[in-house]
Amino acid sequence: MENKPEEIKISDEFKRMVQPMIYDELHCLEKEIFQRKAAKIFVFKRTIVDGYEAYEIASRLNLPIKRISISVDNYNEAVIWICRTQLKRSDLTLNMRKYLIGRRSLAEQACKKDALNISSKKFNSRMECIATFTRMKIGEEYKYCYSSVRDYEACAKTVDKVFSFDSELAEMLLRGKKQVLQKDLIAFSKLSESQLKNKMKFYLSDKYGCDERLTVKNTPIYDPDAEISSLSLTIPSWVNLIEKVQKNLTPQITEKAADEIFGLLNVLKDTAENFLNHIVEVL
């Protein structure tokens, strides 16, 4: 156990790859840390790679912090570790999931190139083979096609560039609070930082900054997101109701009711998984 928060480092680049906890999760974590009188974090060379909230809570409460060093040798391996760990989460936003897959693919390619000591100028064909193999492997692991992983790499590059000049905007992109079409993120990856800064300013003001009011002559435009938006508003109520019933569930529940809800929940689970896969294929 250690209680030396001043020796622990925080990397903005590592931290951006970890989706923050929601309020309820933070509350539970703080309660757990307070009960255990200690917190646990994972580090790479004294730099946090997982456990930011635990670190902040323990530091605020002046409690010991246990550091667990991850078994990696360099920066790219640390990135891979973070991405693989985060991609196990079920609460990731779609944009965050794409970003992590893209970052992991790029990091794995970099590791292979470093191990083989490949020069980009002399071995372009070999580098392309490494990229292809990596994308296919990661795509198979996460149920995506090769081209999707390649596209997510481009999206990740764009988001990282946005972080360099507007971290708040980049965070909003990852959280889904600002929407930029995937095809545009891919195209923007080829721009320089200064070009991207100007492009994003124009893009967002053009798409989201105008207040279009409907008039008789200004008829409603078809909204392809309408049904998805409606579903998004409904799902939280399902979640709240399920959590409420789960909290109040007693051993007195009948076998008939248990069998019925068990079957329906499995149908809901399968339908949700199929829908997630369909969304990924469409995008």
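An account of the accompanying structure is given in this report.

### Points about unusual backbone geometry
The phi angle at Arg 46 is positive, at roughly 70°, despite the residue not being glycine. The residue Arg 46 is located in the loop between β1 (39–44) and β2 (47–50) in this model. In this structure, Asn 62 takes a positive phi of about 60° despite not being glycine. When you line up the elements, Asn 62 lands in the loop between α3 (52–61) and β3 (65–69).

### Here's the deal with the pairing of β1
Two elements, β1 and β3, share 5 bridges in a ladder whose sense is parallel. Its bridge partner lying in β3, Val 43 is registered against Ser 69. As defined by bridge partners, β1 adjoins β2 across 3 bridges and the pair is classed as antiparallel. Within β2, the position partnered with Phe 44 by the bridge is Thr 47. Between β1 and the antiparallel strand that follows it, β2, lie 2 residues; Lys 45 among them carries a positive phi value of about 55°.

Each value, and the rule that gives it
- Residues numbered from 1 in each chain as written.
- Predicted model: local features only at pLDDT ≥ 70, side-chain atom pairs only at ≥ 80, totals over all residues.
- Heavy atoms only, no water.
- Helix = DSSP H or I, 4+ residues; strand = E, 2+ residues; numbered from the N terminus.
- Pairing = 2+ DSSP bridges.

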